[in-house]
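# Remarks on the overall topology
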Amino acid sequence: MIPILTAFEHSPDGGRGLARDMRIRWALEEVGQPYHVRLLSFEAMKQPEHLARHPFGQIPAYEEGDFALFESGGIVFHIAERHGSLLPRDPHARRRAIMWMFAALNTVEPSVFERVLARILERDTPWHDSRLRVLEDRIRDRVGHLARHLGDAAWLDGDFSAGDLLMVTVLRWLNSSNILDDYPTIAAYVARGEARPAFQRAFAAQLADFNKGSAPAP
Ligand code: GTB
């Protein structure tokens, strides 16, 4: 069965592969699973048909026949479990990879995403600069600890895993800042993720969908 991924028709990221459907595309490409994409407008995302798939009216959503999931971390975990290749077989290594998935989404993503939101939604407010400073201090603290953990290793814990996949997608939200200039091993870690052929295929696919969604209606 070919799964269906629901993504933005007009992604606010301008085709830079920053919206969270990119995590699912990348995971599917890593495991070699073809997929279909349903592109939805913001309006359609809030309609009952999509709310039945995603209770918060967001993307990504994922379907395999009548089996449906939302939450990017949960979807990546499902793909990794189903196909095996994004999680180690060794039970302890497997749990550590799952732990890194949570670390990416629970420990690193919140401040990084708050910064994304502040840049978009609070740019013209009087508190923008001071808020950005607070958020960037928090991000630097997290990234500094991550750099200490990573050391000279290629990936967070042995081979590339779903934990790395999620962590790289979170850290890519910093590409438009200069924060990673101070953490060259983390910048190299992100670049290593982006250089993977599966990432490249996922990126090209989302860009093609972005261009399709941005094309004027015939
Ligand atoms: N916890 C959920 C998950 O991981 O799946 C969060 C889902 C979520 O926030 N989805 C966003 C959404 O649907 C799209 S990714 N928003 C519409 C809404 O809530 O109504 C958000 C996103 C877009 C662009 C960037 N960027 O440019 O950096 C980053 C993240």
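Residues numbered from 1 in each chain as written. Predicted model: local features only at pLDDT ≥ 70, side-chain atom pairs only at ≥ 80, totals over all residues. Heavy atoms only, no water.

## Thoughts on the domain arrangement of the protein chain
Under the domain assignment used here, the protein chain contains domain 1 (4–85 + 198–214) and domain 2 (91–196). The straight-line distance from the C-alpha centre of domain 1 to that of domain 2 is 21 Å. Counting from both sides, the interface comprises 17 residues of domain 1 and, opposite them, 20 residues of domain 2. Together, the buried faces of domain 1 and domain 2 total about 1,600 Å²; carbon and sulfur atoms form 60% of this surface. Linking domain 1 to domain 2 there are 4 salt bridges. Close ionic contact of Arg-20 with Glu-109 constitutes a salt bridge, the shortest N to O distance being 2.9 Å. One can count 12 residue pairs in polar contact (both at pLDDT 80 or more) joining domain 1 with domain 2. At the level of elements, helix 1 (21–31), helix 4 (72–83) and helix 9 (197–214) are the ones that each hand at least two residues to the side of domain 1 that touches domain 2. (Domains from an automatic or database assignment. Contact = heavy atoms within 4.5 Å. Buried area = accessible area lost by both parts, 1.4 Å probe. Salt bridge = Lys/Arg side-chain N within 4 Å of Asp/Glu carboxyl O. Polar contact = N/O pair within 3.5 Å; in protein donor to acceptor, adjacent residues only side chain to side chain. Helix = DSSP H or I, 4+ residues; strand = E, 2+ residues; numbered from the N terminus.)

## Quick word on the packing of aromatic side chains
Taken as a whole, this structure holds 8 aromatic pairs when the rule is applied. Seen from their ring centres, Phe-8 and Phe-42 are 5.0 Å apart, and the 35 degrees between their planes marks the pair as tilted. Linking Phe-8 in strand 1 (residues 4–8) with Phe-42 in helix 2 (residues 42–45), this pair joins segments that are 34 residues apart in sequence. Take Phe-8: its relative accessible area is 16%, and that puts it in the buried class. A relative accessible area of 41% means that Phe-42 is categorised as partly exposed. Residues Phe-199 and Phe-203 carry aromatic rings whose centres are separated by 6.1 Å and whose planes lie at 25 degrees to one another, so their mutual orientation is stacked. Remark: Phe-203 and Phe-199 occur in helix 9; sequence separation between them is 4 residues, near one turn of the helix. (Phe/Tyr/Trp six-rings, centres within 6.5 Å; stacked < 30°, edge-to-face > 60°. Buried < 20%, exposed > 50% of the residue type's maximum accessible area, 1.4 Å probe, protein only.)

## Re unusual backbone geometry
Residue Ile-59 is joined to Pro-60 through a cis peptide bond whose omega torsion reads 5 degrees. When you line up the elements, Pro-60 lands in the loop between helix 3 (48–51) and strand 3 (61–64). Not every positive phi belongs to a glycine, and Glu-71 is a case in point at roughly 80 degrees. Summarising the element assignment, Glu-71 is placed in the loop between strand 4 (67–70) and helix 4.

## A word on the site of the ligand
Of all residues adjacent to the ligand, which total 15 residues, the nearest are Arg-20, Lys-46, Gln-58, Ile-59 and Ser-72. In this structure, an oxygen atom belonging to the ligand sits 2.7 Å away from a side-chain N or O atom of Arg-20. Between the ligand and Ile-59 there is a distance of 2.8 Å, counted from a nitrogen atom to a backbone nitrogen or oxygen. Here the ligand, which alone exposes 680 Å², has 82% of that area covered by the protein. Partitioned by chemical class, the residues of the shell around the ligand number 9 nonpolar, 2 polar and 4 charged. (Near = heavy atom within 4 Å. Areas by Shrake-Rupley, 256 points an atom, 1.4 Å probe, with all protein chains shown as cover. Nonpolar A, V, L, I, M, F, W, Y, C, P; charged D, E, K, R; others polar.)

## Re the pairing of strand 1
Within strand 1, 4 of the 5 residues are buried, which leaves it mostly tucked inside the rest of the structure. Where strand 1 and strand 2 (residues 36–40) come together, 5 bridges link them in parallel fashion. Residue pairing in the sheet places Leu-5 in a bridge with Val-37 of strand 2. Note: strand 1 against strand 3, 3 bridges, orientation antiparallel. When the bridges of strand 3 are listed, Leu-5 appears paired with Tyr-62. (Pairing = 2+ DSSP bridges.)

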